[in-house]
Amino acid sequence: MTTLAGPVGPAGGATTGIVASPAGRRAAIARSWDRCSESGLDPGVEPGDGFAVAETDPAGNLVTAAGPVLDAMERDLADSPVAAILTDARARVTAMRFGRRDMRGLLEAAGAVHGREFAESTTGTNAIATVHTTREGLVVQGGDHYLERLRRFSCYGHPITHPLTGDLAGVLDVTGPAQENPAMLAPFVRRVVSEIEEALLETAGVGARRLLAAFRSAAGGALPVLALGHDLVLANRAATDLLDAADHELLRDLASGAPSATEGVVELSGGRTRVRRDGVPGGGAVLHLHPCPDAPPAGVRWSRTLPLPGPRTGLADAALVAGEPGTGRTTAVRALLDGTRATVLEAAELTPATEHSWLAVASQSIATPGEVTVVEDVHLLLASTASRLRRLLAAPHARAVLTSCPAEDLTGEVAALAADCSRREEIPPLRTRTDEIPALVERLLAELGAADSVRFTAETLDLLAAHRWPGNLRELAGVVAETAARRSAGDLTVRDLPEAYRRLATVGESAGELARAEREAIEAALRACDGNKLRAARRLGISRSTLYARLRALHITL
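Figured I'd write up the structure that's included with this text. These numbers come from a predicted model, not from an experiment. (Residues numbered from 1 in each chain as written. Predicted model: local features only at pLDDT ≥ 70, side-chain atom pairs only at ≥ 80, totals over all residues. Heavy atoms only, no water.)

All right, on to the overall build of the protein then. Scanning the protein from N- to C-terminus turns up 19 helices and 17 strands. Going through the 558 residues of the protein one by one, you find that 49% of them count as buried. Pairs at least 24 residues apart make up 65% of the contacts formed inside the protein by residues separated by at least 6 positions. Entry remark: accessible area of the protein is about 25,300 Å², with carbon and sulfur atoms responsible for 52%. (Helix = DSSP H or I, 4+ residues; strand = E, 2+ residues; numbered from the N terminus. Buried < 20%, exposed > 50% of the residue type's maximum accessible area, 1.4 Å probe, protein only. Contact = heavy atoms within 4.5 Å. Areas by Shrake-Rupley, 256 points an atom, 1.4 Å probe, with all protein chains shown as cover.)

Below is the structure:
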């Protein structure tokens, strides 16, 4: 294995206005090398080995919009030793154009083929992967490349931003021989990118442009504003802070319908919210959100059905929060209380020797006006303690919140105690709501203080969604923390996950026996061919690109 300490002979071309300055470019290259090193990438790896390959849509919006622009660019570059590579929002090659025919073979040998994904963790520092990570135009010359075999090239890459959403739509890269200075082409490439972005706006359709105009007109104030179309979501910062994934599902239903104005109150994750809907001709609507003054704290997703127990009728107002370990029972109770004075008793600390003193604390808390008694893990209570606690909670002014394992698993006196609670909330296990994993991961990254540029790739999120999560949210939080610690910026890929999570352990459960049989056949062929993917593809009777696609789909990492 070749070990290098930093960029070899970084060139100092005229890059002012691209990243910032030659010094700024060198700093960007150095940071990229650090990320590549942290990911464990070997600089000596062959560029075409291990690249992910996926199907791309030849009729997608980006390819459709960019096609005529790239054709004109190819004519301008005719007979020049350069090539243009267009990638999508996931850094997958979707189109290529060549100034000189021999460039095609050189780039294919370097791994630039349709469907190949360029991520820093697999392809190192280059003008596709690094621009995709940083969202900034960048010159990468010769020795700036992390992979040794890519140092024969010099490149300039520039991000393509979708004019409606502001999201990254792709990257345009121009590549030539290492001795060339691609910075000279930077203004030309930026102009081409501008033309592609204009074409994207034109292909978006009249309805989308109308929706964008309506959103821009409404989103200038401090209140949350959301615009929802057929394939478009726009939100200002206030709306992004207010809403979670479940809210979007509810609001999308409200946005559909005739282009008329309606108003009403809905229950969102942040509580009761007044929504004014302004329909937009051509489809979609702009939603103006006004949180009501009595809304509970944001993030208490189940507060819509579980208000804080009141003092009126004793135990009839007690609440039970049930769920598997790690689902967030304690966090949910803490958010529900929202600063209300409470005494917390742990059933796990109870023994026959401490039962008397434990009940004395409970009795004093229950007798204190305005105080809430929280009993964690009531399923661990002794039968005698559960019976006595029931009698204490029958007092007229008792206020209590109990947590337990799933209610259906409770027995005896504890089951009777839970049955007396008129308000119950069963927090479902994470394996039954894997559609929430992207939003949960985003929230956990924010809580960890990760940079905005740190994000899990779609492939990585798909793999996490296939996991069974026996430890629920607590387990997910640990995985996110360990994965995020590997990278200070850019995409977190499958390679960044802890070892135990890199392979899909439930192929048979999630994809059926056919997928399991296919996986076993591919793994057997790879072993028989000593990992040589070309020979393995021939042995299986499929093309190498098809093999790479199946390796990615089945999460095979041999």
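A complete count under the given rule lists 2 aromatic pairs for this structure. Ring geometry for Trp 33 and Tyr 146: centres 5.0 Å apart, planes at 75°, overall edge-to-face. Here Tyr 146 lies in the loop between β3 (138–141) and β4 (153–161) and Trp 33 lies in helix α1 (residues 22–38), a separation of 113 residues in the sequence. As far as the burial class goes, Trp 33 and Tyr 146 line up, both buried. Arranged with centres 5.8 Å apart and planes meeting at 25°, the rings of Trp 469 and Tyr 501 form a pair that is stacked. Remark: Tyr 501 occurs in the loop between β17 (491–492) and α17 (507–528) and Trp 469 occurs in the loop between α15 (458–465) and α16 (472–484); sequence separation between them is 32 residues. In terms of burial, Trp 469 and Tyr 501 fall into one category: buried. (Phe/Tyr/Trp six-rings, centres within 6.5 Å; stacked < 30°, edge-to-face > 60°.)

To continue, consider the sheet that holds strand β14 (residues 400–404). Sheet strands pair via backbone hydrogen bonds, and the direction of the pair is either parallel or antiparallel. Strands sit in the order β12-β13-β14-β11-β15 across an open sheet of 5 strands; the sheet is parallel. With partners counted over all chains shown, the strands left at the sheet margins are β12 (342–346) and β15 (423–427), one partner each. Geometrically, the sheet is characterised by an average inter-axis angle of 15° between neighbouring strands, direction not taken into account. Relative to β14, strand β13 (residues 372–376) is paired through 3 bridges, and the arrangement is parallel. For Thr 373, the partnering residue across the bridge sits in β14 and is Ala 400. Relative to the sheet, helix α11 (residues 355–367) contacts β12 and β13, its axis offset from that of β12 by approximately 160°. (Pairing = 2+ DSSP bridges. Axes fitted to C-alpha atoms, helices over the stretch in contact; angles between N-to-C directions.)

A word on the pattern of salt bridges. According to the stated counting rule, one finds 17 salt bridges in the structure shown. Notably, a salt bridge pairs Glu 120 with Arg 35, separated by 2.7 Å at the nearest N-O pair. With Glu 120 in helix α4 (residues 120–123) and Arg 35 in helix α1, this residue pair connects regions lying 85 residues apart in the sequence. One network of salt bridges, in which partners are shared, links Arg 35, Glu 120, Arg 487 and Asp 496. (Salt bridge = Lys/Arg side-chain N within 4 Å of Asp/Glu carboxyl O.)

The next subject is the sheet that holds β4. Strand order in the open sheet formed by 5 strands is β2-β1-β5-β4-β3, with antiparallel pairing between adjacent strands. Every interior strand has two partners, whereas the edge strands, β2 (93–98) and β3, have only one. Across the sheet, the mean angle from the axis of one strand to that of its neighbour is 20°, orientation sign disregarded. Bridge analysis of β3 against β4 gives 4 bridges, and the strand direction is antiparallel. Residue pairing in the sheet places Val 139 in a bridge with Tyr 156 of β4. Packing against the sheet, helix α2 (residues 61–76) makes contact with β1 (83–87), β2, β4 and β5 (168–177), and its axis sits at approximately 15° to β2.

Right, let's talk about the nonpolar core for a bit. Ranked by internal contacts, the top residues of the largest apolar core, which has 27 residues, are Ile 85 and Leu 107. Elements with a minimum of two residues in this core: α1, β1, β2, α3 (102–109), α5 (129–134), β3 and β4. It is α1 that contributes the most residues to this core, 4 residues altogether. If sequence neighbours within four positions are ignored, Ile 85 has contacts with Val 93, Ala 95, Met 96, Leu 107, Ala 112, Ile 128, Val 171, Leu 172, Asp 173 and Thr 175. Counting 26 residues, the second-largest nonpolar core is a separate cluster that includes Val 82, Val 189, Val 192 and Leu 200. (Core = buried A, V, L, I, M, F, W, Y, C linked by side-chain atoms within 4.5 Å.)

The next point concerns helix α18 (residues 533–540). Residues Lys 533, Ala 536 and Ala 537 constitute the buried set of α18. Mapping the buried residues of α18 onto a view down its axis gives an arc of 100°, with all of them on the same face. In α18, the exposed residues that point more than 90 degrees away from the buried face are Arg 538 and Arg 539. (Arc of directions from axis to C-beta.)

The exposure class assigned to Glu 120 is buried, which follows from its relative accessible area of 3%. With 13 residues separating them in the primary sequence, Glu 120 and Thr 133 have C-alpha atoms 7.8 Å apart. With sequence-adjacent residues up to four places away left out, Glu 120 is seen in contact with Ser 32, Arg 35, Cys 36, Leu 41, Ala 129, Thr 130, Thr 133 and Arg 487. Looking at Glu 120, its side chain comes within polar contact range of the side chain of Thr 130, at 2.9 Å. (Polar contact = N/O pair within 3.5 Å; in protein donor to acceptor, adjacent residues only side chain to side chain.)

With that out of the way, let us pick up the side chain of Glu 355. With respect to the helices and strands, Glu 355 occurs in helix α11. Beyond its immediate sequence surroundings of up to four residues, Glu 355 is in contact with Leu 350, Ser 384, Thr 385 and Arg 388.

Quick look at unusual backbone geometry now. Phi at Ala 91 takes a positive value of approximately 65°, unusual for a residue other than glycine. On the basis of relative accessible area, Ala 91 is assigned to the buried category, the value being 1%. In this structure, Arg 135 takes a positive phi of about 65° despite not being glycine. Along the chain, Arg 135 turns up in the loop between α5 and β3. For Arg 135, a relative accessible area of 34% puts it in the partly exposed group.

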